[in-house]
Every structure is written in C-alpha cells, then in structure tokens.
Amino acid sequence: MPILRSVLIGLSRNRTLRHFMESSRAGSRLSSRFVAGMELEDALRVAETLNQQDIAVTLDSLGESVTSEEEAHQAAEIYHRVLNAIAERKLKANISVKLSQMGMEISRELAENLAGSLAEHAHATDNFVRIDMEDSSLTQATLDIVHRLHARPDLREAIGVVIQAALHRSKSDIEQLLAEGIRVRLCKGAYLEPATVAFTHKADVDKNFIRLSGMLLDSPIYHGLATHDEKMIAAVQTYALQHRIDPSRFEFQMLHGIRRDLQRRLVSEGYNVRVYVPFGRAWYPYFMRRLAERPANVLFIARNFFRS
Ligand code: FDA
C-alpha cells in the first residue's frame, strides 16, 4: 500500500489531471465524498447541521499553491466573506487557511500580510484562524509567519498552527510554540516526506503522535487533536484521565465525511469535537490526499466515476 500512497500523492500534484477532474461534472460529483460543496453556502449549511449536533466546525476554502498575487488576494477575500458569514449566522466555527494559498510561494511578505489581515478580522469578530501545515518545504516559513503574527498583542488569541507527528522536528517545534502560548492542532501529516525529515513507518508516526499529544495536554493552552484513529483517541482519553485533564481543555478534530459515527460518539461522551469542512472548486489536491490516506477509497472512486 505505501506504493499506492506515493502514486496518489504524486497524482495530487498533477496539473493536467487536476484541471480535468475539477472541470468535469463526474469529478465534482466524486468530490462530495469529502467536500461540502462548491459554494460557501453549501459549507455553511453543513456547518449549521454540525453545530446542531454540538459539533464545532473549521471552514476551509479549498486552494493551495496559487501562482499569482491576484489569486492570493481573491483567496483571502473569500475567507473574509467566510468570517463575516460565521459572525452573521452565529456559527460555532473558525477558519483553516493554507499559506501557499495566500501566495507564500510567490512572496512570503504577501502571505504574511494576507494571513495577518485575516487574523485581524478574526480578532475583531472574536474568532480564530488556524494555519494548516503543508509539506516540509514550507514548514519553517509557515512557523516563522505564525510566530511573528502571534507576537502581535492584538492577534495573540486569533491565530494558531498545525504540527505533523510525522516530522522529526515536531517535538522541538511544539516546545517553541508552547513557550509562546500558541494553540496547536496535532495531526499525523498528509504529505509524502523523505526519511531525512520524517518517520516513514506508520508505527513511528503513531508513537510520536501519542508522545506529542501528551506534551500538548500537559500545557494550559487549548489544543486540537486531529485524528480518526481510535488508538490515538483512546491514548489521548487515557492520558487525560490519568492526569486529571478535564475534557473541556482540548478538542478532537476530524474531517468532513470521515468517521461520522466516531464524531457523534465522542460528543455523546462529553468531548469537544470540531469537524474540518472544506468547500470550493479547487478540490482536487485535497481530495487526492484523502484517497492516499486510505487507498481502499480508490475502489469507491473507480465505481462511481465510471457509473456516469
Ligand atoms: P490513519 O491514517 O491511521 O487513519 C485511522 C483511521 O481513520 C483509518 O483506519 C480509517 O478508518 C479512518 N480514515 C483516515 N483517513 C481516512 C480517509 N481519508 N478516508 C476514510 N477513512 C479514513 N494534515 C496535514 O499534513 N496538514 C494539516 O494541516 C492537516 N489538517 C488536518 C485537520 C484535521 C481536522 C484532520 C482530522 C486532519 C488533518 N490533516 C492534516 C490530515 C492528517 O495529517 C492525516 O493525514 C489524516 O487525518 C489521516 O490520519 P488519521 O490520524 O486519521 O490516522
């Protein structure tokens, strides 16, 4: 299966296939397995339904690795509309943003300015921006921007970041983030990384996830533990129980369309749960990473694609 994972992640970066898939009707239909819809309104509807089930949301306007300043500004503009909609509808929701979508691969300054303006907007509406983590070529630049924005007194409560258990560097990154009081979402990591920077065996990633989650839970900061892995979830629950950490002090996070049963079960057990709800037309790379996480999903795709 690791080979299929590599192939799928490789295909997630293929521009021709991306264009074909994102512009075909069959492709858009397939995307609904993991994507709330093409429009903001679709995502808001899903968010409302989840909120009614006591599940918080983080909204992701899909897109990454933009190639022009104009695209980056347009992407940021959509997020401003999302923040306005969350405030108007009083949703229990925040936003998740990728810095490559804010133009980081064109200009770091551009990405910092656009992310900064989103964090200012979030601060003004009592909300929060989570900066997603992309592949390891962007880790340091992403963390530098988050550290700088968070150092602004007005943005302290408005910005946090994601750390991937797959990377060797994550323990030291978490130590620095905790020292500054920055909120972390811990996940395993969705990108294919070389052994020089990442654990390549699942068992090692899992072990690191458990170790890092303990560090987060020990801190007084509100963090997110993002996983659908029941073993990781049980380890977090056990650690919290043993160390008398109240469930109100952290949240579990999962992706839209994955393990809804588990999301509901955790809510019924009194845990905070947040679901990541992506929407928009640039769905292909996100969708392919979801296939890569569970190659059995490919069978589902094949069956549905050729049915059209
Ligand atoms: P694992 O992959 O071991 O899966 C455990 C079980 O979960 C599987 O057996 C299956 O039942 C279910 N499952 C997992 N993925 C599935 C899928 N795609 N389809 C169907 N079932 C699936 N990554 C990153 O690099 N940067 C980021 O910013 C984020 N952000 C993020 C936010 C949130 C809220 C979540 C939940 C995840 C991320 N990720 C991410 C993705 C993360 O790194 C990871 O790739 C996935 O969560 C899958 O890993 P699990 O922890 O679920 O475990």
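Predicted, not measured: the structure shown is a model, and the values here were computed from it.

In this section: the overall build of the chain. From N to C terminus, the chain includes 13 helices and eight strands. The C-alpha atoms of the chain give a radius of gyration of 18 Å, which matches the 19 Å a tight globule of 308 residues would have. Across its three principal axes, the chain shows a C-alpha extent of roughly 55 × 45 × 40 Å. When burial is assessed residue by residue, the chain has 56% of its 308 residues classed as buried. A fraction of 74% describes how many contacts in the chain between residues 6 or more apart in sequence connect residues 24 or more apart. Of the roughly 14,100 Å² that the chain leaves accessible, carbon and sulfur atoms contribute 53%. Computed over 40 positive and 38 negative side-chain charges, the inter-centroid distance for the chain is 7 Å.

This brings us to a nonpolar patch on the surface. A cluster of nonpolar residues, Ile3, Leu4 and Val7, forms a patch on the protein surface that exposes about 270 Å² of accessible area. As for its placement among the helices and strands, valine 7 is situated in helix H1 (residues 2-11).

The subject of this paragraph is the pattern of salt bridges. Overall, the coordinates contain 23 salt bridges when judged by the stated rule. In this structure, the salt-bridge partner of arginine 89 is glutamate 41, at a minimum N-O distance of 2.9 Å. Of this pair, arginine 89 sits in helix H5 (residues 69-89) while glutamate 41 is found in helix H4 (residues 40-52), placing the two residues 48 residues apart along the sequence. Note on glutamate 41: relative accessible area 36%, which makes it partly exposed. A salt bridge links arginine 259 to aspartate 261; its shortest N-O distance comes to 3.0 Å. Relative accessible area serves as the criterion here: at 44%, aspartate 261 is assigned to the partly exposed category. If you follow the salt bridges from partner to partner, you end up with Glu230, Arg259, Asp261, Arg265 and Glu269 in one network.

Relative to the elements of secondary structure, asparagine 51 occurs in helix H4. For asparagine 51, the side chain forms a polar contact with the main-chain oxygen of isoleucine 55, separated by 2.9 Å. Apart from the residues within four sequence positions on either side, asparagine 51 is in contact with Ala56, Val57, Leu91 and Lys92.

As a further point, take the site of the ligand. Surrounding the ligand, one finds 26 residues, the nearest of these being Gly189, Lys202, Thr227, His228 and Glu293. Contact between the ligand and glutamine 164: an oxygen atom at 2.8 Å from a side-chain N or O atom of the residue. One of the side-chain N or O atoms of asparagine 297 is found 3.0 Å from a nitrogen atom in the ligand. Coverage of the ligand by the protein chains reaches 87% of its 930 Å² of free accessible surface. Residue assignment for the shell around the ligand shows that the elements contributing at least two residues are strand E4 (159-164), strand E5 (183-187), strand E7 (250-255) and helix H12 (284-293). Counting residues per element, the shell around the ligand draws most heavily on E7, which supplies three residues.

Okay, the sheet that holds E4 next. The strand order around the closed barrel formed by eight strands is E1-E2-E3-E4-E5-E6-E7-E8, and the pairing between neighbours is parallel. Between one strand axis and the next, the sheet turns through 30° on average, direction left out of account. Sheet topology note: the E5/strand E6 (residues 223-226) ladder contains two bridges and is parallel. Its bridge partner lying in E6, arginine 185 is registered against glycine 224.

The end-to-end C-alpha distance of helix H10 (residues 230-242) is 18 Å, a good match for the 18 Å that 13 residues give at a rise of 1.5 Å each. Listing the buried residues of H10 in full gives Met232, Ile233, Val236, Gln237 and Ala240. Down the axis of H10, the smallest arc covering the buried residues is 135°, so these residues share one side. Exposed and oriented more than 90 degrees from the buried face of H10 are Lys231, Leu241 and Gln242. Packing partners of the buried residues in H10 comprise helix H9 (202-218), E6, E7 and helix H11 (260-268). N-cap assignment for H10: the residue whose side-chain oxygen lies 2.9 Å from the backbone N of lysine 231 is aspartate 229. Remark: arginine 244 follows H10 within two positions and exhibits a positive phi of approximately 50°.

Rules behind the numbers
- Residues numbered from 1 in each chain as written.
- Predicted model: local features only at pLDDT ≥ 70, side-chain atom pairs only at ≥ 80, totals over all residues.
- Heavy atoms only, no water.
- Helix = DSSP H or I, 4+ residues; strand = E, 2+ residues; numbered from the N terminus.
- Rg over C-alpha atoms; globule rule 2.2 N^0.38 Å.
- Buried < 20%, exposed > 50% of the residue type's maximum accessible area, 1.4 Å probe, protein only.
- Contact = heavy atoms within 4.5 Å.
- Areas by Shrake-Rupley, 256 points an atom, 1.4 Å probe, with all protein chains shown as cover.
- Lys, Arg positive; Asp, Glu negative; His and termini not counted.
- Charge placed at Lys NZ, Arg CZ, Asp CG, Glu CD.
- Patch = residues over 30% accessible without salt bridge, like charges linked within 9 Å, V, L, I, M, F, W, Y side chains within 5 Å.
- Salt bridge = Lys/Arg side-chain N within 4 Å of Asp/Glu carboxyl O.
- Polar contact = N/O pair within 3.5 Å; in protein donor to acceptor, adjacent residues only side chain to side chain.
- Near = heavy atom within 4 Å.
- Pairing = 2+ DSSP bridges.
- Axes fitted to C-alpha atoms, helices over the stretch in contact; angles between N-to-C directions.
- Expected span 1.5 Å × (residues − 1).
- Arc of directions from axis to C-beta.

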